[in-house]
Amino acid sequence: MNSLPHVLIVDDDADIRNVLQILLKDKYFVAEAGDGLGAIEYVAAHPETDLIILDVMMPGLDGFATCARLRELTKAPILFLTAKSAEKDMLSAYGSGGDDFLSKPFSHGELLAKVNSLLRRYREYRGKDESGLSIGDLDVDFSGHSVKCMGNPVALTDTEYAILEHLLKHRGTTVTAAELYEAVWGEKFLSGSGNTVMVHVLNLRRKVEAEPSSPKLIRTVWGKGYQID
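Now for a description of the structure that goes with this document. Note that this is a predicted model, so its numbers are computed, not measured. (Residues numbered from 1 in each chain as written. Predicted model: local features only at pLDDT ≥ 70, side-chain atom pairs only at ≥ 80, totals over all residues. Heavy atoms only, no water.)

Topic: the overall build of the protein chain
On a plain count of helices and strands, the protein chain comes out with eight helices and 11 strands. What you see for the protein chain is a C-alpha radius of gyration of 17 Å, in line with the 17 Å of a compact globule of 229 residues. With the principal axes as the frame, the protein chain shows a C-alpha extent of 50 × 40 × 30 Å. The 229 residues of the protein chain split such that 47% are buried. Of the contacts made within the protein chain by residues no fewer than 6 positions apart, 55% connect residues no fewer than 24 positions apart. Summing over all exposed atoms, the protein chain offers an accessible surface of approximately 10,800 Å²; the carbon and sulfur share of this is 53%. For the protein chain, the centre of its 25 positive side-chain charges and the centre of its 33 negative side-chain charges are spaced 4 Å apart. (Helix = DSSP H or I, 4+ residues; strand = E, 2+ residues; numbered from the N terminus. Rg over C-alpha atoms; globule rule 2.2 N^0.38 Å. Buried < 20%, exposed > 50% of the residue type's maximum accessible area, 1.4 Å probe, protein only. Contact = heavy atoms within 4.5 Å. Areas by Shrake-Rupley, 256 points an atom, 1.4 Å probe, with all protein chains shown as cover. Lys, Arg positive; Asp, Glu negative; His and termini not counted. Charge placed at Lys NZ, Arg CZ, Asp CG, Glu CD.)

Some remarks on the environment of Met150
Following the sequence through the fold, Met150 ends up in the loop between strand E8 (146-149) and strand E9 (152-154). Separated by 79 residues in the primary sequence, Met150 and Asp229 place their C-alpha atoms 19 Å from one another.

Topic: the pattern of salt bridges
A side chain of one charge can pair with a side chain of the opposite charge if their charged atoms are brought near each other. A complete count under the given rule lists eight salt bridges for this structure. One salt bridge connects Lys104 with Asp11, and the closest N-O pair in it is separated by 3.6 Å. Note that Lys104 is positioned in the loop between strand E5 (100-103) and helix H5 (108-127) and Asp11 in the loop between strand E1 (6-10) and helix H1 (14-24), a separation of 93 residues in sequence. Judged by relative accessible area, which is 25%, Lys104 ranks as partly exposed. (Salt bridge = Lys/Arg side-chain N within 4 Å of Asp/Glu carboxyl O.)

As for the pairing of strand E3 (residues 51-55)
Of all five residues in E3, five are buried; the element is thus mostly enclosed. Burial of E3 is two-sided: the residues Leu51, Ile53 and Asp55 facing one way and the residues Ile52 and Leu54 facing the other way are all buried. Here E1 pairs with E3 via four bridges, running parallel. Of the residues in E3, the one forming a bridge with Val10 is Leu54. Both E3 and strand E4 (residues 78-82) contribute to a ladder of four bridges, which runs parallel. Its bridge partner being in E4, Leu54 is matched across the sheet by Phe80. (Pairing = 2+ DSSP bridges.)

A closer look at the nonpolar core
Grouped together as the largest cluster of nonpolar side chains are 27 residues, with contacts concentrated most on Leu138, Leu164 and Leu180. Setting aside its immediate chain neighbours within four residues, Leu164 contacts Leu138, Val140, Val147, Leu156, Leu204 and Ile228. In terms of nonpolar packing, the next biggest core, distinct from the first, is built from 20 residues, Ala39, Met58, Ile78 and Phe101 among them. (Core = buried A, V, L, I, M, F, W, Y, C linked by side-chain atoms within 4.5 Å.)

Functional significance is not addressed by these values, which are geometric in nature.
Structure below.
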């Protein structure tokens, strides 16, 4: 079995797949799919996939629909590549279960930095061996990387889980958006990063709060950040 991190590139443009293959092949085992259905079939057959690089504009299933289907199969981080950069497209990417977003054209260094960061976080959190905790109706198993709400399993993306774990391990402390972004994404907090954190926290609340519009678990401390008491 190949010990290198397993990356799947999904893009209908063969030239882009070839460029990404060249950039990644020295450090990663790289597979390719030319459309959304091919990606779904591949991940179903290869659950060991560690990262998916997913184009948005594809014939048939677009990237957002593909991502939603992939989330039924894997918790592996999904990095969207798109020629669009509007905020609504970023929201769609995160809302469908994506972990990060990179607009075309992008630099090779920027792509590699995001790939490295997502893979490092995924493998670190997957490898933790710690006990869990219960808070209200929520049960978190750190060793199993799993969450239950009122006894029912909650399907979190890797990023959502990382946010929840970080907040839980800093209970009673207000965590700023910058601190949360740099801890979870492993990148420097820049203009626009706050929106990324906000969208992921909103998605997380929809899954773990009884009333997401009036959160009782993950509180917003206005002007400061987020806190779990």
